Amino acid sequence: MQETTTKDHQLYSEDLAPIPLNKRTWGTWNYAALWISMSLCIPTYMLASSLIEGGMNWWEAILTILIGNSIVLIPMILNGRAGAKYGIPFPVFARASFGVSGANIPAMLRAVIACGWFGIQTWIGGFAMYQMVRLWIPTIDSFPQIFPVSWSLQTGPALMFFLFWLINMYVVYLGVDSIKKLLVFKAFFLPAAALALLAWAISAGHGLGPILAQPSKFKSSSDFWTFFFPSLTGMVGFWATLSLNIPDFTRYAKSQKAQVVGQAIGLPTSMTLFSFIGVVVTSATFIIYGKTIWDPVVLAGKFDSKLLVSIAMIAVALSTLATNIAANIVSPANDFANLSPSRINFKTGGYITGVIGILIFPWKLIADPSGYIFTWLVGYSGLLGPIGGIMIADYYFIRKQQLNVNALYQRVGIYTFNGGFNRFAIVALLLGIIPNVPGFLTVVGIINKGAMWAWVVYLYNYAWFVGFFISGLTYLAMMQRRRKESNIE
């Protein structure tokens, strides 16, 4: 194992230490399989079906998803190279650009967004349980309303949501090893369930022809482009979190080729193929029911057989539980623990994640396609795009892909900057976020659309791109000037 000359216990732990070469065992197909596993989830299905609900036809939706995932693949591979070269995880890699203490800023932004995804997945699992319970106990729909009307939260679904939340917290208490069998179950169940749902849609929709013949709902090309650009940003935003913390996975790569080829094979293809199922099924619901149903859990609840619905909902809940713990608890729990290793352990970090996941009101985020895409996906992409721009500019243009690994674990060294914070990275981050704020506040209704210049609000449609390039270029300019004044290793 690579050792640091002076280990600061606030910066170094066995989990954060570089992976030695003899323990880097992931090959091309490991990375392809990773992306196939992560892509096969209910939010991916909803990602595609939300585009159909928003007005696109099948090929417009699929093309948007393919382009978006091809774009996000670029920063995914670029950030992944540092992990593969040095065996370091994301929080350590971020120290090179943000400083040994400043790295907590991007880590916390990523952690809070992961908390949001935890909340969304927990709501999906809880709502699946609700759909099953209401078949056998119909009175659950008549429970008195106990939450404020502004919360848009009915008592029955809320009870199942909190029950499923408690199950997630219990798994955190038991430890992540308890989820391994559920992950195996998910690997077999979700592909089979997706294909079964596709077969049902084709059969009930009288073949693929009528389904794929569903026209676009946009009345003009301007209406299409108005919806397309923020949707494309949302597609990029879907995996924007992973495009930052991908070194957490590529640090185990046998070679650069393994992570590059594996991700190129796994990400765009699996996302597009699974999304195609969501597109076909959602388009079929318009033929079958006279309206588009973009939520697969709601759709499954319409089936006639109580037993079939119950089995489907239990399976959705179990696979969602497995995905939630693996993808949305482990990372933020470690990020919170990294803030103060002596005070916050993994379990405490997991509980913090759970609480924030509730406070984000996930049921509102996925209540309709506009909230899912324009508020959630586009909104947080405006936070993560700037971080990606800064890290890539630093690693490729400032550091020339050369890092001093020992110094990444030292409180005093070349990555200390000013008190552990690189003020240039922080300034660049803010400059990349600020242009997207007016648009976000307009979308969520805090600011009246007419009270702001139209072009400023319109920037929000490109939130990830705006933040990525503004922060990246600003950071590069400031650091290049600093390089002329002092030598940077």
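Note that this is a predicted model, so its numbers are computed, not measured.

Quick notes on the rules
- Residues numbered from 1 in each chain as written.
- Predicted model: local features only at pLDDT ≥ 70, side-chain atom pairs only at ≥ 80, totals over all residues.
- Heavy atoms only, no water.
- Helix = DSSP H or I, 4+ residues; strand = E, 2+ residues; numbered from the N terminus.
- Rg over C-alpha atoms; globule rule 2.2 N^0.38 Å.
- Buried < 20%, exposed > 50% of the residue type's maximum accessible area, 1.4 Å probe, protein only.
- Contact = heavy atoms within 4.5 Å.
- Areas by Shrake-Rupley, 256 points an atom, 1.4 Å probe, with all protein chains shown as cover.
- Lys, Arg positive; Asp, Glu negative; His and termini not counted.
- Charge placed at Lys NZ, Arg CZ, Asp CG, Glu CD.
- Axes fitted to C-alpha atoms, helices over the stretch in contact; angles between N-to-C directions.
- Parallel < 35°, antiparallel > 145°, perpendicular 65-115°, else oblique.
- Left-handed = near helix turned anticlockwise from the far one by under 90°.
- Nonpolar A, V, L, I, M, F, W, Y, C, P; charged D, E, K, R; others polar.
- Phe/Tyr/Trp six-rings, centres within 6.5 Å; stacked < 30°, edge-to-face > 60°.
- 1 Å grid on protein atoms, 1.4 Å probe; cavity = no way out; pocket = protein on both sides within 12 Å on 5 of 7 lines; lining within 4 Å.
- Points joined across faces, edges and corners; volume = space filled by probe spheres on them.

A. A look at the overall build of the protein chain. From N to C terminus, the protein chain includes 23 helices and zero strands. In terms of overall size, the protein chain behaves like a compact globule, its C-alpha atoms giving a radius of gyration of 23 Å where 489 residues would be expected to give roughly 23 Å. The principal-axis extents of the C-alpha atoms in the protein chain amount to approximately 70 × 50 × 45 Å. Taking all 489 residues of the protein chain together, the buried fraction comes to 56%. Here the analysis covers contacts within the protein chain between residues at least 6 apart in sequence; of these, 84% occur between residues at least 24 apart. Split by element, the accessible area of the protein chain, about 20,300 Å² in all, is 68% carbon and sulfur. Positive and negative side-chain charges of the protein chain, numbering 31 and 17 respectively, have mean locations separated by a distance of 4 Å.

B. Here's a closer look at the packing of helix 7 (residues 155-174) against helix 15 (residues 306-328). Here helix 7 crosses helix 15 at 50 degrees, and the two axes come no closer than 11 Å. It follows that helix 7 is oblique to helix 15 by the angle criterion. Every pair of crossing elements has a handedness; the one defined by helix 7 and helix 15 is right-handed. Residues F164, I167, N168, V171 and V172 of helix 7 touch helix 15, and the partners they reach there are A317, T320, L321, N324 and I325. Broken down by class, the residue content of the contact of helix 7 with helix 15 amounts to seven nonpolar, three polar and no charged.

C. Up close: the packing of aromatic side chains. Counted according to the given criterion, the structure contains 38 aromatic pairs. Plain terms: the ring middles of F218 and F227 are 5.5 Å apart, the flat faces sit at 45 degrees to each other, and that makes the pair tilted. When its relative accessible area of 18% is taken as the criterion, F218 is described as buried. Ring centres 5.1 Å apart and planes at 85 degrees place the aromatic pair F238 and W239 in the edge-to-face group. A single burial state applies to F238 and to W239, both of which are buried.

D. Broad picture of the layout of surface pockets. The volume enclosed by the second largest pocket comes to roughly 450 Å³. If you list the elements that add at least two residues to the lining of the second largest pocket, you get helix 2 (42-54), helix 8 (180-204), helix 13 (256-289), helix 14 (296-300) and helix 15. Ranked by residues supplied to the lining of the second largest pocket, first place goes to helix 8 with eight residues. Grouping the constituent residues of the lining of the second largest pocket by class yields 22 nonpolar, no polar and no charged.

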